[in-house]
Amino acid sequence: MGKKKSDTIVITGGAGFLGSHLCDKALALGHQVICVDNFLTGSPDNIAHLIGRPGFRFIKHDVSQDLYLTEPVQAILHFASPASPRDYLEYPIQTLKVGALGTHKMLGLAKAKKARFLLASTSEVYGDPQIHPQQETYWGHVNPVGPRGVYDEAKRYAEALSMAYHRTHGVAVRIVRIFNTFGPRMRQHDGRAVPEFISAALRNKPIPVFGQGLQTRSLCYIEDEVEGLLKLLFSKHVGPINIGNPQEHTILEIAELIKKLTRSKSRIVFKPLPTDDPKVRQPDIALAKKLLGWSPKVSLEHGLKKTIDWFRKEI
Ligand code: NAD
């Protein structure tokens, strides 16, 4: 596919956080968008503004089941999957199914339609990493039988399946390893640090930090992430490619910054560290810079301010 205006793009998980922003951007670029979602962790609110808009179609469907489309399709962006630890621990089997069966069905559709296939993989394929920062060549340090294994291994399998379809059937696969992304439309209580901290801070309730908060995360603002994802989609690089912001912060620093930006009276409280919680997380984005000419532009503070403004309206 090129960047033709008439391209039809299927976005699975399109009613979720990342997927709904992708729907917005693809429509803004003039594409036709078919958004497919079963609302397992997403919400109709995320796409309410798109319903009835020319070029946008919504199909409520579980992508672990066959999906039949009559029209030509140029690209499939496979983003359907529970993504926050709280969600995939609540839906462990659905998470494995959508990573395995869902990816299989969508690769089958891509093969039938001769469409490009972008897999939303994750930095979690690196597990609790033993090298830092994480490069695409690193194979990871994942506990397959731990509680988080349901997500990490589903995504590792999805990567392997995508490569098999690429090698065997010539499907134009693109694999992105997404690092922690944040922004408007995250759910307040999905268990991820940014929405959890902001909603606690705005209510002047205790801000829960796991462990001593010394574990690190590198947070990418949604606008930057979406730009990187589309650059990869329209490129000729199969990947995997890390797309994330390499600016690394401790969880405690992030909690303190959110407390400051919201002018909150909240206390920071420390909770037990969850099993297999990664101690460090930072993307090496040399490949994205070199192959896609992409690097993030939005600072953590600016992105947090925009996210806080959105949450303020929601709360
Ligand atoms: P999200 O929960 O907001 O969105 C996921 C969407 O997928 C939801 O709308 C959900 O209803 C839908 N879904 C789940 N199972 C489905 C199924 N079987 N059929 C149809 N729809 C289904 O999560 P998100 O943060 O937007 O994540 C989107 C994708 O990006 C996921 O694949 C996730 O693994 C990946 N990712 C996200 C991040 C991040 O920081 N947000 C980081 C790494 C990877």
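In the block above lies the structure referred to throughout.
Rules used in this analysis
Residues numbered from 1 in each chain as written. Predicted model: local features only at pLDDT ≥ 70, side-chain atom pairs only at ≥ 80, totals over all residues. Heavy atoms only, no water. Helix = DSSP H or I, 4+ residues; strand = E, 2+ residues; numbered from the N terminus. Contact = heavy atoms within 4.5 Å. Areas by Shrake-Rupley, 256 points an atom, 1.4 Å probe, with all protein chains shown as cover. Lys, Arg positive; Asp, Glu negative; His and termini not counted. Charge placed at Lys NZ, Arg CZ, Asp CG, Glu CD. Buried < 20%, exposed > 50% of the residue type's maximum accessible area, 1.4 Å probe, protein only. Pairing = 2+ DSSP bridges. Salt bridge = Lys/Arg side-chain N within 4 Å of Asp/Glu carboxyl O. Axes fitted to C-alpha atoms, helices over the stretch in contact; angles between N-to-C directions. Left-handed = near helix turned anticlockwise from the far one by under 90°. Nonpolar A, V, L, I, M, F, W, Y, C, P; charged D, E, K, R; others polar. Core = buried A, V, L, I, M, F, W, Y, C linked by side-chain atoms within 4.5 Å. Expected span 1.5 Å × (residues − 1).

Colleague: Could you clarify how one ought to interpret the overall build of the chain in this entry?
Modeller: Secondary structure assignment for the chain yields 9 helices and 13 strands. Overall, the C-alpha framework of the chain stretches about 55 × 45 × 40 Å when taken along its three principal axes. Across the chain, the fraction of contacts at a sequence separation of at least 24, relative to all contacts at a separation of at least 6, is 80%. For the chain, the exposed area adds up to about 13900 Å²; of that, 54% sits on carbon and sulfur atoms. Looking at the chain, you have 43 positive and 30 negative side-chain charges, and the mean spots of the two groups are 4 Å apart.

Colleague: Quick question: what am I supposed to make of the pairing of strand β4 (residues 75-78) here?
Modeller: Strand residues, when the strand is regular, have side chains that alternate between the two faces of the sheet. Side chains of β4 alternate between two faces, with A75 and L77 and I76 and H78 buried alike. Judged from the 4 bridges that link them, strand β1 (residues 8-12) and β4 form a sheet pairing that is parallel. Residue pairing for β4: T12 is matched across the bridge by H78. As paired strands, β4 and strand β5 (residues 116-122) are joined by 4 bridges and run parallel to one another. Looking across to β5, one finds that H78 is bridged to L119.

Colleague: Would you take a moment to explain the pattern of salt bridges for this structure?
Modeller: If the charged atoms of two oppositely charged side chains come close together, the side chains can form a pair. One pass over the structure, following the stated rule, counts 17 salt bridges. When the shortest N-O distance is used, the salt bridge between K231 and E227 registers 3.8 Å. Placement of both K231 and E227 in helix α6 (residues 222-233) is noted, with a separation of 4 residues, approximately one turn of the helix. Residue E227 is classed as partly exposed on the basis of its relative accessible area, which comes to 27%.

Colleague: Just to check I follow, could you spell out the sheet that holds strand β3 (residues 56-60) for this structure?
Modeller: Two pairing modes exist for strands in a sheet, parallel and antiparallel, and in both the strands are linked by backbone hydrogen bonds. Taken in spatial order, the 7 strands line up as β3-β2-β1-β4-β5-β6-β11 in an open sheet, and their pairing is parallel. Either end of the sheet is taken by a strand with one partner, and the two such strands are β3 and β11 (241-243). Across this sheet, the average inter-strand angle for adjacent strands is 20°, counted without regard to direction. Helix-sheet contacts for α6 involve β4, β5, β6 (173-178) and β11, and the interaxial angle to β6 is about 160°.

Colleague: I tried to follow helix α7 (residues 251-261) on my own but got confused; where do I start?
Modeller: Structurally, the α-helix is built with 3.6 residues per turn, so residues lying three or four positions apart point the same way. Within α7 the residues assigned to the buried category are I251, L252, I254, A255, L257, I258 and L261. On the buried face of α7, the contacting elements are α5 (193-202), β8 (207-210), β9 (216-218), β12 (248-250), β13 (268-271) and α9 (300-314). Phi turns positive one or two residues past the end of α7, at R263, with a value near 50°.

Colleague: Sorry, what's going on with the packing of α5 against α7 here?
Modeller: A pair of packed helices is characterised by two quantities: the angle between their axes and the separation of those axes. Interaxial distance between α5 and α7 falls to 9 Å at its minimum, and their mutual angle equals 35°. Where α5 crosses over α7, the handedness of that crossing is right-handed. From α5, A193, V194, F197, I198 and A201 reach across to α7, where they touch I251, I254, A255 and I258. For the contact of α5 with α7, the class distribution of residues is 9 nonpolar, no polar and no charged.

Colleague: Where do I start with the nonpolar core in this structure?
Modeller: Where a protein is soluble and globular, its nonpolar side chains tend to be buried together. Formed by 58 residues in total, the largest nonpolar core has its most connected members in L22, F56, L77, F79, F182, F197 and L304. What L77 contacts, discounting residues up to four positions off in sequence, is I9, V10, I11, T12, L22, L118 and L233. Counting residues in each nonpolar core, the second largest holds 26 residues, with L107, L161, Y165 and V238 among its members.

Colleague: Looking at this model, I keep getting lost on α9. Mind explaining?
Modeller: For α9, spanning 15 residues, the distance from its first C-alpha to its last is 21 Å, which sits close to the expected 21 Å at 1.5 Å a residue. Where α9 is buried, its residues contact β7 (181-182), α5, β10 (220-221), β12 and α7.

Shape descriptors only; they carry no functional weight alone.
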